[in-house]
Amino acid sequence: MDEPEVVLSLQEFISSLDHASLPRILRVCSGVYFQGSVYELSGSEVCLCTGDLVKVIGLKLLSASCVDIATNSTYELPIDHEGLFKVVADDMPYSSLEEMVGLLPVGVDAVGSFSFISRSELTINNFTVAPGQELTLLSSEQGCVRCKVTGSEGSKAEILIPLKHLGSFYECQSEHGYSLREILSSTRLQSRRFRCVKAKACGGPLVFSPVYQIEAIMHMRKNIVNFPSSLEVDVTDVTEECQNLEFVKPLTLAEVSGQPPDAFPTVAEVLEAPEGSQHFFSCDWHPQLQKGCRLVLHSHGDTRMVLASTPKGRKTRQYFLISGGYGGRIRRKAREFSSVYELFVASTRTSRLQVSVTRNYEAMEEEGLPELSVGDQLEVLKCEDVELPGKGGGNKQRVGALVCKRTVEEDDDDDDDDDDEGDEEREGKSREDTICLPMYMDAQFVEIISDKKKYSLAELGKDSLMPLDVKVAARDTDLEKDPLPGLPVLRLEEVSVEPTIRVSLLKKPEWCFELPTRWLHMSVSFTSEALPWPKGQPPKLRQETVTEVKEHFYYEFRKLTNVQATPPPRPPKKQMSTVKPKRLAKSAPGKSTVTANSRSLPDSFCQLSTCSEKRSPPPPPPTSTEDEAPPVIPRKPSTQRGSISVPNTYVKRPQKKKKAKVVTEATDSDHDYESVEDIVRIAQENIIHY
């Protein structure tokens with residue numbers, strides 16, 4: 001006859017559970033808790049229905065549940081609670097020392113932690129202990145307990161009492177204090193009642209029980225759930241009955257990388273497709289990673305990856321993540337630099353960098369810019385601070401500059417009178433000098449490369465530092481389709497060591513590719529399916545070493561791998577002239593003024609201004625008219641009704657000689673409005689004379 005199942009509350013079961021016996025399989029006997037209930041903890045989904053199977057795989061102590069027996073109230077205390085608690089002595093007597101020792105709150109080897117008395121006289125080997133005399137338990141020795149007896153006059157003695165000795169023994173009240181963590185770590189202490197050490201007459205007995213966070217796998221669920229042990233559900237242990245039941249355990253790619261090497265190769269199922277990775281990858285294998293897809297996991301490890309891109313001038317830039325095992329042959333190409341600062345950055349990564357000037361530049365001594373001609377060859381020597389000459393012997397400024405050795409071909413056209421023999425001697429000659437190029441100088445250079453050797457990607461990474469401009473001269477023959485040889489230029493940007501997992505599709509086990517675990521957020525579960533090849537005869541793998549990525553991945557990768565570069569230096573501040581400009585005289589009243597901004601002036605005004613700049617201005621008007629207001633012409637009376645006078649509209653207006661207008665530059669205004677005096681004067685000149 002089958003034994004009846006023992007049903008316990010979840011809290012009781014977890015409190016009495018031996019952690020070393022995990023994992024345990026539980027069946028929910030009662031209780032329904034859905035997501036969003038009051039029992040939800042830190043966003044963990046809680047959904048326990050009657051009949052569900054739960055596989056407990058881990059426990060983490062969260063807090064302590066405290067029950068006040070006097071008031072029947074329950075509350076929780078944190079694990080690091082600083083208060084101490086003392087054990088409340090039990091009122092019930094023990095019939096033997098063996099019974100008492102088995103229920104002690106701590107082990108019998110805890111010296112001085114437990115004391116008791118006997119209600120009757122106790123005689124052991126001619127040694128008599130009076131009733132009510134206190135005995136302190138010291139240790140247990142081969143079926144006996146060693147106790148210390150303290151006499152009324154302070155005398156002390158030790159005796160051995162057999163565990164089988166019968167009597168009526170009572171526990172003495174101990175003042176020893178226990179921390180909350182000590183109580184929760186001992187199953188014996190958890191069964192006892194406590195009081196606060198500081199509380200003397202107030203406060204009822206307290207019972208503590210631990211509250212754990214349960215980490216579990218639920219049957220037919222594809223994710224790990226976390227919930228507290230304080231949920232009010234009843235469970236029963238069915239571990240023996242469900243030993244062969246398979247629980248799905250989801251694993252992230254990072255967790256797969258932590259598996260031991262002997263766990264591979266194996267078959268896994270994709271539980272959740274990659275989230276957000278559609279903005280990262282545009283390769284052939286990425287669309288295959290759908291939910292339910294079967295993968296063969298071959299191995300995991302760290303792979304040296306190189307981020308590459310096509311030049312910025314192309315209409316659509318392409319980005320690639322190239323594995324260190326790429327088998328193509330690569331030839332270096334000359335790099336182009338658009339400033340001295342870019343040349344300096346490249347020189348820190350390349351020894352004996354040589355470049356050729358591709359544009360002419362005139363010398364500017366005040367700013368420290370030397371003359372450069374097309375074809376000049378420069379070899380970068382070092383970086384140092386130099387002083388600019390300054391303007392007019394003013395304050396000198398120190399700026400960073402790149403010291404280069406310049407090689408210039410001699411020009412033979414200047415000396416036409418030399419004989420032919422002298423010309424032949426000068427042919428092929430060149431001169432060398434040292435120049436300093438300020439960091440802020442904009443110039444065009446191209447790298448001089450005499451090396452025509454073809455390298456592998458691994459060899460190129462050892463000899464040179466990134467970034468590098470290269471041309472793939474020979475494709476990787478192991479790849480079915482190599483996209484790199486068709487590109488005119490490929491820039492190798494950054495190198496990083498990425499944790500990867502070598503996988504292949506179950507239907508195509510020989511086609512292998514690498515999953516970068518840092519850039520793919522997905523979950524898989526190991527299955528018990530057999531590998532798709534005969535035992536001990538794995539196929540020859542063809543690994544994809546070139547993964548095309550998108551622009552978003554390119555910038556995110558650069559953020560993680562590239563150290564923030566300092567911006568290029570700014571040009572030095574231009575020194576202000578110490579000579580004060582001459583102050584222009586204000587124009588007299590009645591004169592026309594023109595603003596400095598000629599864009600807002602009429603064309604006629606601009607012409608006058610232009611002419612006035614070429615010739616000297618006319619003399620000022622007489623002094624007598626400067627302070628006098630122009631004569632006011634009385635307004636013509638309006639025509640009354642019945643008036644017979646009609647204005648003669650055929651009278652010609654007398655032609656008045658135009659005077660040259662005086663044009664001066666305005667010093668106190670930026671607008672082109674006319675003054676009141678000019679408006680009145682113009683109106684006076686344009687009035688019709690009868």
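Residues numbered from 1 in each chain as written. Predicted model: local features only at pLDDT ≥ 70, side-chain atom pairs only at ≥ 80, totals over all residues. Heavy atoms only, no water.

Focus: the overall build of the chain
Next up, step 1: The secondary structure content of the chain amounts to eleven helices and 38 strands.
Next up, step 2: Out of the 690 residues in the chain, the part that is buried amounts to 35%.
Next up, step 3: For the chain, long-range pairs separated by at least 24 residues make up 71% of all intrachain contacts whose partners lie at least 6 apart in sequence. (Helix = DSSP H or I, 4+ residues; strand = E, 2+ residues; numbered from the N terminus. Buried < 20%, exposed > 50% of the residue type's maximum accessible area, 1.4 Å probe, protein only. Contact = heavy atoms within 4.5 Å.)

Observations regarding the environment of S230
Next up, step 1: Along the chain, the position of S230 falls in the loop between β17 (224-228) and β18 (234-237).
Next up, step 2: In contact with S230, not counting residues within four places along its chain, are Q11 and V211.

Thoughts on the packing of aromatic side chains
Next up, step 1: Evaluated as defined, the whole model comprises 17 aromatic pairs.
Next up, step 2: Aromatic pair F280 and W519: ring centres 5.7 Å apart, planes at 85°, arrangement edge-to-face. Here F280, found in the loop between β20 (266-272) and β21 (294-309), pairs with W519, found in the loop between β33 (511-516) and β34 (523-526); they are 239 residues apart in sequence, far enough to count as distant.
Next up, step 3: A residue is classified by how much of its surface remains accessible, and F280, at 13% relative accessible area, is buried. (Phe/Tyr/Trp six-rings, centres within 6.5 Å; stacked < 30°, edge-to-face > 60°.)

Digging into the sheet that holds strand β6 (residues 94-96)
Next up, step 1: As summarised here, the arrangement of the six strands in space is β6-β13-β7-β10-β11-β12, forming an open sheet in which the pairing is antiparallel. The open sheet has two edge strands, β6 and β12 (156-162), and neither has a second partner. The sheet shows a mean angle of 45° between the axes of neighbouring strands, taken without regard to direction.
Next up, step 2: Summarising the sheet, strand β7 (residues 115-118) and strand β10 (residues 135-141) pair through two bridges and their orientation is antiparallel. Paired with F116 across the strands is L135, a residue of β10. (Pairing = 2+ DSSP bridges. Axes fitted to C-alpha atoms, helices over the stretch in contact; angles between N-to-C directions.)

Quick word on the confidence of the model for the chain
Next up, step 1: When pLDDT is averaged across the chain, the result is 77; 71% of the residues are at 70 or more.
Next up, step 2: Every residue in residues 35-43 is under pLDDT 50, and counting partners more than four places away or in other chains gives twelve contacts.
Next up, step 3: This model gives residues 623-628 a pLDDT under 50, and the stretch forms one contact once residues within four places in sequence are excluded. (pLDDT = per-residue confidence, 0-100.)

Some thoughts on the pattern of salt bridges
Next up, step 1: The full count for this structure, using the stated rule, is 21 salt bridges.
Next up, step 2: A salt bridge links D469 to R491; the nearest nitrogen and oxygen atoms lie 2.7 Å apart. One end of the pair, D469, is in strand β31 (residues 468-474); the other, R491, is in strand β32 (residues 490-505), with 22 residues separating them in the sequence.
Next up, step 3: Between E493 and R558 there is a salt bridge, and its shortest N-O distance comes to 3.1 Å. Highlighted residues: E493 in strand β32 and R558 in helix α9 (residues 551-561), separated in sequence by 65 residues.
Next up, step 4: Of the residues examined, E493 reaches a relative accessible area of 8% and is grouped as buried.
Next up, step 5: It is possible to trace a salt-bridge network through shared partners that takes in E141, R146 and E158. (Salt bridge = Lys/Arg side-chain N within 4 Å of Asp/Glu carboxyl O.)

Thoughts on the pairing of β34
Next up, step 1: Summarising the sheet, strand β19 (residues 251-252) and β34 pair through two bridges and their orientation is antiparallel. Within β34, the position partnered with T252 by the bridge is S523.
Next up, step 2: The pairing of β20 with β34 spans four bridges and is classified as antiparallel. Bridge pairing links V270 to V524 in β34.

Regarding the side chain of E493
Next up, step 1: For E493, the side chain forms a polar contact with the side chain of Y554, separated by 3.2 Å.
Next up, step 2: Within the structure, E493 has its side chain in polar contact with the side chain of R558 (distance 3.1 Å).
Next up, step 3: Apart from the residues within four sequence positions on either side, E493 is in contact with L307, A308, S309, R317, M466, P467, Y554 and R558. (Polar contact = N/O pair within 3.5 Å; in protein donor to acceptor, adjacent residues only side chain to side chain.)

Remarks on the pairing of β33
Next up, step 1: Most of β33 sits out of view: six of its six residues are buried.
Next up, step 2: Bridge count for β32 against β33 is five bridges, and the pairing is antiparallel. Across the sheet, residue I501 finds its bridge partner in β33, namely L515.
Next up, step 3: Hairpin connection of β32 to β33: five residues between the antiparallel strands.
Next up, step 4: Bridge count between β33 and strand β35 (residues 542-543): two bridges; the pairing is parallel. Bridge assignment links C512 to a residue of β35, and that residue is Q543.

Observations regarding the environment of F114
Next up, step 1: Tracing the backbone through its elements, the reader meets F114 in the loop between α2 (97-102) and β7.
Next up, step 2: Separated by 13 residues in the primary sequence, F114 and V101 have C-alpha atoms spaced 9.7 Å apart.

Some remarks on the environment of G486
Next up, step 1: Tracing the chain through its elements places G486 in the loop between β31 and β32.
Next up, step 2: In this structure, the C-alpha to C-alpha distance between G486 and K471, residues 15 residues apart in sequence, is 9.1 Å.

Some remarks on the nonpolar core
Next up, step 1: Counting residues in each nonpolar core, the largest one holds 32 residues, and the members touching the most others are F281, W285, L297 and F553.
Next up, step 2: Of all the elements in the fold, those that place two or more residues in this core are α5 (253-257), β20, β21, β22 (319-323), β32, β33 and α9.
Next up, step 3: Of the residues forming this core, the biggest block, four residues, is contributed by β21.
Next up, step 4: Filtering out sequence-adjacent residues up to four positions away, F281 remains in contact with H286, P516, W519, L520, T547, E548, V549, K550 and F553. (Core = buried A, V, L, I, M, F, W, Y, C linked by side-chain atoms within 4.5 Å.)

Some thoughts on unusual backbone geometry
Next up, step 1: Here the residue pair L22 and P23 is connected by a cis peptide bond, since its omega of 5° sits within 30 degrees of zero.
Next up, step 2: One can find P23 in the loop between α1 (10-15) and β2 (24-30).
Next up, step 3: Cis geometry marks the peptide bond from F264 to P265; its omega dihedral reads -5°.
Next up, step 4: Relative to the helices and strands, P265 is located in the loop between α5 and β20.
Next up, step 5: One non-glycine residue, N125, adopts positive backbone phi at about 50°.

Brief notes about α9
Next up, step 1: Of all the positions in α9, only F553, Y554 and F557 are classed as buried. All buried residues of α9 fall inside an arc of 105° around its axis, so they share one side.
Next up, step 2: Lining the buried residues of α9 we find β21, β22, β32 and β36 (546-549). (Arc of directions from axis to C-beta.)

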